[in-house]
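Chain and residue survey
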Amino acid sequence: MAYIITDVDGTLTTTGDRPNLAYLDWLKSQINDFGTKIIVVSARPVSRLAETEAWLKEYFIPAEEVYLNDFPGAG
């Protein structure tokens, strides 16, 4: 089983929440062709978890896990 760990802002997205379509297409090919699992990490505060999960769902990225910044003071 292979995993890809990816960031959100500046990787899955370009400016703001605009999707990085070339990267998203590549990720989807890895998922579909090889069964690769996706783990998302981000410095986004954990308070944005629902928003982040909704964005992933909107662009058909089935993240196995989503880890956001839960350090004290984040947010």
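Let me sum up the structure you'll find in this document. In this text the structure is predicted, and so the values were computed from the model without any measurement. Starting from 1, residues in each chain are numbered consecutively following that chain's sequence as written. Only residues with pLDDT of at least 70 are given local features in this predicted model, and only at 80 or more are side-chain atom pairs given and counted; all residues enter the totals for whole chains, interfaces and linings. Side-chain metrics rest on all non-hydrogen atoms present in the structure, leaving aside hydrogens and water.

1. Considerations on the overall build of the protein
- Helix and strand counts for the protein stand at 3 helices and 3 strands.
- When the helices and strands of the protein are read in sequence order from the N terminus, they spell out β-α-α-β-α-β.
- Only C-alpha atoms enter the radius of gyration; for comparison, a globular chain is expected to reach 2.2 Å times N to the power 0.38, where N is the number of residues. By the compact-globule yardstick of 11 Å for 75 residues, the protein fits well, its C-alpha radius of gyration being 12 Å.
- With the C-alpha coordinates aligned to their principal axes, the bounding extent of the protein is approximately 40 × 25 × 15 Å.
- Whether two residues are in contact is decided by their heavy atoms: any pair within 4.5 Å suffices. If you take every contact in the protein between residues at least 6 apart in sequence, the share linking residues at least 24 apart comes to 64%.
- Side chains of the protein give 6 positive and 11 negative charges; the mean places of these two sets differ by 5 Å. Strands are runs of DSSP state E lasting at least two residues, helices are runs of H or I lasting at least four, and both sets are numbered from the N terminus onward. The convention is simple: Lys and Arg are positive, Asp and Glu are negative, and His and the chain ends are not counted. Throughout, a charge is located at the NZ atom of Lys, the CZ atom of Arg, the CG atom of Asp or the CD atom of Glu.

2. Concerning the sheet that holds strand S3 (residues 63-69)
- Strands were regarded as paired on the criterion that DSSP finds at least two bridges between them. Strand order in the open sheet formed by 3 strands is S1-S2-S3, with parallel pairing between adjacent strands. Looking at which strands have only one partner, the edges of the open sheet turn out to be strand S1 (3-7) and S3. This sheet shows a mean twist of 20° between the axes of neighbouring strands, independent of strand direction.
- One ladder, built from 5 bridges, connects S1 with strand S2 (residues 37-45); its direction is parallel. Axis definition: a line fit to C-alpha positions, over the contact stretch in the case of helices; interaxial angles, taken between N-to-C directions, run 0 to 180 degrees.

3. Looking at the packing of aromatic side chains
- Between the rings of Phe, Tyr and Trp (Trp by its six-membered ring), a pair exists once the centres lie within 6.5 Å; its type follows the angle of the planes, with under 30 degrees stacked, over 60 edge-to-face, and the other angles tilted. Applying the stated criterion across every chain yields a total of 2 aromatic pairs.
- When the centroid spacing of 5.9 Å and the interplanar angle of 25° are considered together, the rings of Tyr23 and Trp26 count as stacked. Residue Tyr23 and its partner Trp26 are both found in helix H2 (residues 21-34); the two are separated by 3 residues, about one turn of the helix.
- Take Trp26: its relative accessible area is 40%, and that puts it in the partly exposed class.
- Taking the centre distance of 4.6 Å and the plane angle of 40° together, the rings of Trp55 and Tyr59 count as tilted.
- Using a relative accessible area of 7% as the deciding quantity, one classes Trp55 as buried. Throughout this description, buried means an accessible area under 20% of the type-specific maximum (1.4 Å probe, protein chains only), exposed means over 50%, and partly exposed covers the range between.

4. Topic: the pairing of S3
- Here S2 pairs with S3 via 5 bridges, running parallel. Of the residues in S3, the one forming a bridge with Pro45 is Asn69.
- Between the parallel pair S2 and S3, the chain is carried across by helix H3 (residues 49-58), and the sense of this crossover is right-handed. Every crossover in which the path from the first strand over the helix to the second runs clockwise, viewed with the strands pointing away from the viewer, is termed right-handed.

5. Some details on unusual backbone geometry
- Even without glycine at this site, Phe60 takes up a positive phi of about 60°.
- Examined against the element boundaries, Phe60 turns out to sit in the loop between H3 and S3.
- Looking at Phe60, the relative accessible area reads 63%, which means it is exposed.

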